[in-house]
Amino acid sequence: MMRARLTYVPLEVADQFGDFIIKRDEQILDAVKARTRDYSTLSLLKLLYQLRGNPMTFSDLYSKSKIRMKKSFLNYLHLCVDYNFIKKEAVGANVIYTITDKGRVMLSLFMQKDNQYEEK
């Protein structure tokens, strides 16, 4: 059985993936403190959701994902890279992260969940 975890979730992510939220607590700037379920999947979605619009540097992705523990962030980021959901590319002194087509498919599978009953 999965335990619920308390974490910070970017507001847009919390609104888009509300079924991962058990209980919302206080809102802090552009994030909500929330008790969540299936934390690992939600963490992957946090990364993919941030990259859906445009590529980001490591530090931008880290701060916008709201995954506060750097070691956890790195674990999820490496998992996304290993599974080809995200690609990384050295550009000058920076490393730029971009969502791949496979990552977009993964993200869209979860984003379409709310629409599945509307199409019928």
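Residues numbered from 1 in each chain as written. Predicted model: local features only at pLDDT ≥ 70, side-chain atom pairs only at ≥ 80, totals over all residues. Heavy atoms only, no water.

Chemist: Requested: an account of the side chain of T41, with residues and values cited.
Modeler: Relative to the assigned elements, T41 resides in helix 2 (residues 39–51). Its relative accessible area of 16% is what places T41 among the buried residues. When neighbours within four sequence positions are excluded, T41 is seen to be in contact with F20 and F110. (Helix = DSSP H or I, 4+ residues; strand = E, 2+ residues; numbered from the N terminus. Buried < 20%, exposed > 50% of the residue type's maximum accessible area, 1.4 Å probe, protein only. Contact = heavy atoms within 4.5 Å.)

Chemist: Tell me about the pattern of salt bridges, and name the residues and values.
Modeler: Opposite charge on two side chains permits them to pair, given that their charged atoms come into close proximity. Evaluation of the coordinates by the stated rule reveals 2 salt bridges. Its salt-bridge partner being R52, residue E12 comes within 3.1 Å of it at the nearest N-O pair. Highlighted residues: E12 in helix 1 (residues 11–16) and R52 in the loop between helix 2 and strand 4 (56–57), separated in sequence by 40 residues. With relative accessibility at 32%, the residue R52 sits in the partly exposed group. (Salt bridge = Lys/Arg side-chain N within 4 Å of Asp/Glu carboxyl O.)

Chemist: Could you give an account of the sheet that holds strand 5 (residues 86–91), naming the residues involved and the relevant values?
Modeler: By definition, the strands of a sheet pair up through backbone hydrogen bonds, in either a parallel or an antiparallel sense. Overall, antiparallel pairing links the 3 strands, which are arranged 4-6-5 in an open sheet. For this open sheet the edge positions go to strand 4 and strand 5, each flanked by a neighbour on one side alone. For strand 5 and strand 6 (residues 94–99), the ladder comprises 6 bridges, and the chain directions are antiparallel. Across the sheet, the residue bridging to E89 is I96, located in strand 6. (Pairing = 2+ DSSP bridges.)

Chemist: Tell me what's going on with the pairing of strand 6, and back it up with residues and numbers.
Modeler: The pairing of strand 4 with strand 6 spans 2 bridges and is antiparallel. Paired with T57 across the two strands is I96, which belongs to strand 6. If you look at the hairpin formed by strand 5 and strand 6, you'll find 2 residues sitting between the two strands, and G92 has a positive phi there, around 65°.

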